[in-house]
Amino acid sequence: MPASDPRTIYLADYQPFSHLLEQVELRFRLDPQATRVTTRLHLAPNPERPGKQDVRLDGEDLKLISCSVNGEILKVVPDATGLTIAAARLPSGAFVLETEVEIAPAENTALEGLYMSNGMYCTQCEAEGFRKITFYPDRPDVMTRFKVRIEGDLPVLLSNGNPVGQGEAWAEWEDPWPKPSYLFALVAGDLRAFPDRFTTMSGREVDLNIWVRPGDEGRCAWGMQSLKAAMRWDEEVYGREYDLDIFNIVAVDDFNMGAMENKGLNIFNSKAVLASADTATDDDFARVEAIIAHEYFHNWTGNRITCRDWFQLCLKEGLTVYRDQQFSSDLRSAPVKRIQDVLALRARQFREDGGPLAHPVRPDHYIEINNFYTATVYEKGAEVIGMLRRLVGDADYARALDLYFERHDGHAATIEDWLKVFEDVTGRDLAQFKLWYTQAGTPRLKVIEDWDKGRYTLTLEQENPPTPGQPEKDAKLIPVAVGLLSPNGDEVLPTQVLELSEAKHSYVFDGLGARPIASILRDFSAPVIVEREVSVAERAFLLAHDKDAFNRFEAGRSLCKDVLARMIVDGAEPLPELLEAMEALAFDESLEPAFRALALRLPGEDDMAATLFAAGHVPDPAAIHAARDALHLALAQKLRPRLSVLESAMHVPGAYAPDADSAGKRALRLVALGLLARLDGGAAARAAFFDAHNMTESFGAMQILLEIGQGATKLERFEEQWRDDRLVMDKWFAVQVTSAKPEEVAGVVRRLTEHPAFDLKNPNRFRAVFGALTANHAGFHEADGAGYDLLADWLIKLDRLNPQTAARMSTGFESWPRYDIDRQEMMRAALERILATEGLSRDLGEMAARMLARA
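Given the structure is predicted, the values throughout are model-derived calculations rather than measurements. Numbers given for residues are sequential positions, taken from 1 along each chain in its written order. Totals for whole chains, interfaces and linings use all residues, but because this is a predicted model, local features are given only for residues with pLDDT of at least 70 and pairs of side-chain atoms are given and counted only at 80 or more. No hydrogens and no water enter the side-chain calculation; it runs on all heavy atoms of the structure.

### Considerations on the overall build of the chain
Looking only at helices and strands, the chain features 26 helices and 30 strands. Rg of the C-alpha trace for the chain: 28 Å, near the compact-globule value of 29 Å for 855 residues, within the 12% margin. By its C-alpha atoms, the chain is 85 × 65 × 60 Å across when sized along the principal axes. Any two residues whose heavy atoms approach within 4.5 Å are treated as being in contact. Considering only residue pairs separated by 6 or more positions, the chain has 70% of its internal contacts joining residues 24 or more positions apart. Under the convention used here, a 1.4 Å probe and the Shrake-Rupley method define accessible areas, while residue burial counts only the protein chains that appear. Within the structure as shown, the chain displays about 32,400 Å² of accessible surface, and the carbon and sulfur contribution to it stands at 49%. By definition, any uninterrupted DSSP run of H or I lasting at least four residues is a helix, any uninterrupted run of E lasting at least two residues is a strand, and each is numbered from the N terminus. Note on method: radius of gyration uses C-alpha positions; expected globular size equals 2.2 Å times residues raised to 0.38.

Now the structure itself:
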């Protein structure tokens, strides 16, 4: 751990800043080793903090050159985290506090604050990076207008807001909208613009630019199309119009996150904005579309209205994730998008909620806020918004959002502010619903059914399991969407939302002619785990007849999990009923190809480990891997007679297009090729690889071949073709790890870390290798513990350079309590070794301590 224990921050301790910040003026004189930053803060006493107050400014790793108040030089000495100017040295009224500092962007490997990426200056200030640029009240509730002057000998000099002046080696920008420091951005470099224009619903013209390195201009068209689609959608669905004269996006290779919503100057990880048919897969195109929309939507839900403090992070992120999910659903397939979102939630957030890193959607304390950019805050936060909309209805949701924008525009808001607009619009008391924000953990929903002479009784019982720091919990308000089907498949009760507000409640349905088959938790109406005894026949019935697309998928998924569990635990054979149901689904042309592709993919190995653990079994990674392989082969053999026909039927002729229909067909074609490869030794996949005219099919075919041990020459060809493309090479690195046999994974990782193109300082490349390591479930959990040692070794190395990325990648260890004693001891030992490292960062130290239940 660090030399001294880091200070824990508590929500209960919140106080507003001591002063009001009326305006800030920044001057940057750029130099890789010695950038000078001059900051003028126009301050006045804050009436909410009576009495004369000290000024406390945050600051880290800054060389103070000078400090003055109203032009009078002050001799002050910063400490490790900032600068304090005593109240006695300040005027009684308004004043200007000016500082000049020196920083070294070229030495900043943490990628927080101002740093350099391939000769380009860029910033990342969320959550607390601005304090590494200058001394400042670096907190989200301090909102002010920024004026920025940039001086440097680079052709492009960008900042927030609108350009107000430029000349040789300088540019000035002014943002008319108040914002907190985490939304500040600066970019300077030799960049090329991909320009366009957008006309808002009120008729204003907005200049749009995607700025990229020379040579990347050809990969910007999809990003621009996605941006314009998001701008139009936000006007049509939420009534939100863009509010500046220009909107800039910059692609950066070295970036800790996916993208950042800085006002008017979004900075993107290159992989989240650059896409072309020959370098990006269908999944990449969909991801670019969603991330661009997400960051644009933040202009209103995050920028114009921000969060009062970082405990309210879910206020901007949960709402904006929900909005980008709506956007993707409207542009693509709503049922498929919902299934994808729930699969992602279960894979990441349910795992988080079920382990030592569990925390509420709105936590009440933290040591390092960067560690709370989590699936709970983002994805579960979005589910909470969806539940709220389901409870109040579409019309009242829209009215509440309008009131939210009207009431809180230009403010830093809280969860209480957010819920209050819904209470004011609907008249409902949402105190119980608020528990979704304050309680951690995934509720269990137990289902009991009874049938008696035309009366069907559905009893729902909720259990809220203990989580770290919350041993006991009150019952939540859970919206449970239910439909009833007759034995012939007709719907006798359309979807109805039952509001479960007690620990246990029974719902009675009278006048039914036959015992119904219940479709429960339609559209995944709440982020809960359903515990229900369901026969194989009933699951097969729901897979064939349910009118709710999500529950139809869920029936097949649950049946598949049941079969896999029996194969793993009891050594059973694949169930014929499952294979017959999957066969019927595969060739059901009434279902969209994307849906069939998702439904034919077997549950992942980590998913099965979680399922077995929840059922009281100790998961054996090797047994899970073997059972999944056996079921894949059985499914391929069952579908053998028509697999080639299906593969051919899903071929999309002509020029590549990333639309949802074409992408769905390619996805189903690759599923068919993967199954065929288990029967034909990869012959069809090899043909597809050589015939492919897009990255989706060439990379997908190569991955299939690697998984059956047949892709070595294709891998060499792929590297030869793409060795100079950093984003495509990330795929090359990752696929070798994910497709490796479990016993070979550690060796593959060691070999890749010695490859000349492996760069520890680049987050994308590190994630490509070590994210793939933890994704290969059986390989990471190989019995010798080599995967654990490798991850720990490299996290310690990375922590010295980039603590934020190291901390996020450490979550590979979070599920350690699931496994057998030997594996538990090896993972605990790896975490203990991390925790004992000299000079360990606050970021990684907090994560390791929480996973060991010491935080």
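### A look at the pattern of salt bridges
Think of a salt bridge as a Lys or Arg side-chain nitrogen and an Asp or Glu carboxyl oxygen that are within 4 Å of each other. In the structure shown here, the tally under the stated rule is 74 salt bridges. Among the salt bridges present, the one from Arg-338 reaches Glu-383, with a minimum N-O distance of 2.8 Å. With Arg-338 in helix H4 (residues 334-353) and Glu-383 in helix H5 (residues 375-392), this pair connects stretches of sequence that are 45 residues apart. Summarising the burial analysis for this pair, Arg-338 and Glu-383 share the class buried. The salt bridge partner of Lys-420 is Asp-424, with a shortest N-O separation of 2.7 Å. Here Lys-420 pairs with Asp-424, and both are found in helix H7 (residues 415-426), just four residues apart, close to one helical turn. For every residue, the accessible area (1.4 Å probe, protein chains only) is compared with the maximum for its type, and the residue is labelled buried under 20%, exposed over 50%, or partly exposed between those bounds. Classification of Lys-420 by relative accessible area gives partly exposed; the value is 40%. Connected through salt bridges with shared partners, the residues Arg-213, Asp-216, Arg-219, Asp-253, Asp-725 and Arg-726 form a single ionic network.

### What to know about the sheet that holds strand S2 (residues 19-29)
Paired through backbone hydrogen bonds, the strands of a sheet run either parallel or antiparallel to each other. Strands sit in the order S6-S5-S8-S3-S2-S11-S14-S13 across an open sheet of eight strands; the sheet is mixed. Every interior strand has two partners, whereas the edge strands, strand S6 (72-73) and strand S13 (162-167), have only one. Where strand S11 (residues 144-151) meets strand S14 (residues 170-179), seven bridges bridge the pair, whose relative direction is antiparallel. Opposite Glu-151, over in S14, you have Trp-170 as the bridge partner. Paired strands are those between which DSSP finds at least two bridges.

### Here's the deal with the sheet that holds strand S10 (residues 120-124)
Sheet architecture is open: four strands sit in the order S9-S10-S15-S12, paired in antiparallel fashion. Either end of the sheet is taken by a strand with one partner, and the two such strands are strand S9 (113-117) and strand S12 (156-159). Strand-to-strand twist of the sheet, defined as the mean angle between neighbouring strand axes without regard to direction, takes the value 20 degrees. Here S9 pairs with S10 via five bridges, running antiparallel. Bridging across to S10, Leu-114 finds its partner in Thr-123. Think of each axis as a best-fit line through the C-alpha atoms, taken over the contacting stretch in the case of a helix, with angles from 0 to 180 degrees between the N-to-C directions.

### Things to note about helix H26 (residues 842-851)
Buried residues dominate H26, accounting for nine of its ten residues. When we look at burial in H26, the residues that qualify are Asp-843, Leu-844, Gly-845, Glu-846, Met-847, Ala-848, Ala-849, Arg-850 and Met-851. The inward-facing, buried residues of H26 contact strand S22 (365-366), helix H23 (786-799), helix H24 (803-809) and helix H25 (821-835). With its phi angle positive at about 60 degrees, Ala-853 sits one or two positions after the end of H26.

### Points about the pairing of strand S8 (residues 95-103)
In terms of burial, S8 is largely enclosed, as eight of its nine residues are buried. Bridge analysis of strand S3 (residues 35-45) against S8 gives nine bridges, and the strand direction is antiparallel. Bridge pairing in S8 places Arg-40 opposite Glu-98. Where strand S5 (residues 63-69) meets S8, six bridges bridge the pair, whose relative direction is antiparallel. Paired with Ser-68 across the two strands is Glu-98, which belongs to S8.

### With respect to the packing of aromatic side chains
Aromatic pairing here means that ring centres of Phe, Tyr or Trp (its six-membered ring) are within 6.5 Å. Orientation follows from the plane angle: under 30 degrees is stacked, over 60 is edge-to-face, and everything else is tilted. Scanning the entire structure with this criterion turns up 40 aromatic pairs. Remark: a charge is flagged as sitting over a ring if the NZ atom of Lys or the CZ atom of Arg is within 6 Å of the ring centre and within 35 degrees of the ring normal. For Lys-476, the ring lying beneath its charged end belongs to Trp-436, and the centroid distance is 5.4 Å.

### A few points about the pairing of strand S27 (residues 491-500)
Sheet topology places strand S26 (residues 478-485) next to S27; seven bridges connect them, and they run antiparallel. Pairing of Val-480 across the sheet is with Leu-498, part of S27. Counting the residues between successive antiparallel strands, the hairpin from S26 to S27 contains five residues, one of them, Gly-489, with a positive phi of roughly 95 degrees.

### Let's talk about the environment of Trp-233
Relative to the assigned elements, Trp-233 resides in helix H1 (residues 221-238). Between the alpha carbons of Trp-233 and Asp-330 there is a distance of 9.2 Å; along the sequence they are 97 residues apart. Residues contacting Trp-233, with those up to four places away along its chain left out, are Tyr-238, Phe-297, Arg-323, Gln-326, Phe-327 and Asp-330.

### Description of the nonpolar core
Among soluble globular proteins, nonpolar side chains are generally buried collectively. One finds Trp-418, Phe-433 and Phe-813 to be the most contacted residues of the largest nonpolar core, which totals 280 residues. The element contributing the most residues to this core is helix H10 (residues 549-570), with ten residues. Not counting residues within four places of it along the chain, the set of residues in contact with Phe-813 comprises Phe-780, Tyr-788, Leu-791, Ala-792, Leu-795, Met-827, Ala-830, Leu-831, Ile-834 and Met-851. Residues enter a nonpolar core if they are buried and are Ala, Val, Leu, Ile, Met, Phe, Trp, Tyr or Cys, with the set joined through side-chain atoms within 4.5 Å.

### A word on the side chain of His-294
Note on placement: His-294 falls in helix H2 (residues 282-297). By the criterion applied in these results, polar contacts are pairs of N or O atoms within 3.5 Å in which, for protein atoms, one can donate a hydrogen and the other can accept it, and in which residues neighboring in sequence qualify only through two side-chain atoms. Engagement of the side chain of His-294 in a polar contact is seen with the side chain of Asp-324, the distance being 2.7 Å.

### Structural notes on the side chain of Lys-263
Here Lys-263 is to be found in the loop between strand S19 (259-260) and strand S20 (265-269). For Lys-263, the contacting residues outside a window of four places in its chain are Asn-160, Gly-161, Asp-175, Trp-177, Lys-179, Leu-183, Asp-243, Leu-244, Asn-299, Asn-303 and Arg-304.

### Points about helix H11 (residues 576-586)
Along H11, the residues that are buried comprise Leu-578, Leu-579, Ala-581, Met-582, Leu-585 and Ala-586. Down the axis, H11 shows its buried residues gathered within 160 degrees of arc, on one side only. Looking at the buried side of H11, the elements it contacts are helix H9 (536-545), H10, helix H12 (593-600) and helix H14 (621-649). What the arc describes is the spread of directions from the helix axis to the C-beta atoms.

### Quick notes on the state of the cysteines
Sulfur atoms of two cysteines make up a disulfide when they are within 2.5 Å. As enumerated under the stated definition, the model contains zero disulfides in all. Not part of a disulfide, Cys-307 finds its nearest cysteine sulfur in Cys-314, a span of 8.8 Å. Given a relative accessible area of 0%, Cys-307 falls into the buried group.

### What to know about the packing of H14 against helix H15 (residues 660-680)
Viewed as axis vectors pointing N to C, H14 and H15 meet at an angle of 115 degrees, and their least axial separation amounts to 7 Å. On the basis of their axis angle, the class for H14 and H15 is roughly perpendicular. At the point where H14 passes H15, the crossing takes the left-handed sense. Residues Asp-629, His-632, Leu-633, Leu-635, Ala-636, Gln-637, Leu-639, Arg-640, Leu-643, Ser-644, Leu-646 and Glu-647 of H14 touch H15, and the partners they reach there are Leu-668, Arg-669, Ala-672, Leu-673, Leu-675, Leu-676, Arg-678 and Leu-679. Of the residues assigned to the contact of H14 with H15, the class counts are twelve nonpolar, three polar and five charged. To sort the angles, those under 35 degrees are grouped as roughly parallel, those over 145 as roughly antiparallel, those from 65 to 115 as roughly perpendicular, and the leftovers as oblique. Take the far helix as the reference: if the near one is turned anticlockwise from it by less than a right angle, the crossing is left-handed, and if turned clockwise, right-handed. In the scheme used here, Gly and all other residues not listed as nonpolar or charged are polar, with Ala, Val, Leu, Ile, Met, Phe, Trp, Tyr, Cys and Pro taken as nonpolar and Asp, Glu, Lys and Arg as charged.

### Side note on the packing of H11 against H14
Packed helices, taken two at a time, are described by their axes: the angle between them and the distance between them. Running from N to C, H11 and H14 point in directions that differ by 30 degrees, and their axes come no closer than 10 Å. Between H11 and H14, the angle falls in the class roughly parallel. Handedness of the crossing formed by H11 with H14: right-handed. When H11 is examined against H14, the residues Leu-578, Leu-579, Glu-580, Met-582, Glu-583 and Ala-586 are found in contact with a partner set consisting of Leu-631, Ala-634, Leu-635, Lys-638, Leu-639, Arg-642 and Leu-646. Classifying every residue of the contact of H11 with H14 gives nine nonpolar, no polar and four charged.

### Points about unusual backbone geometry
Cis peptide bonds are those with omega within 30 degrees of zero, and the linkage from Glu-126 to Ala-127 qualifies with 5 degrees. Even without glycine at this site, Asn-70 takes up a positive phi of about 50 degrees. Along the chain, Asn-70 turns up in the loop between S5 and S6. Using a relative accessible area of 46% as the deciding quantity, one classes Asn-70 as partly exposed.

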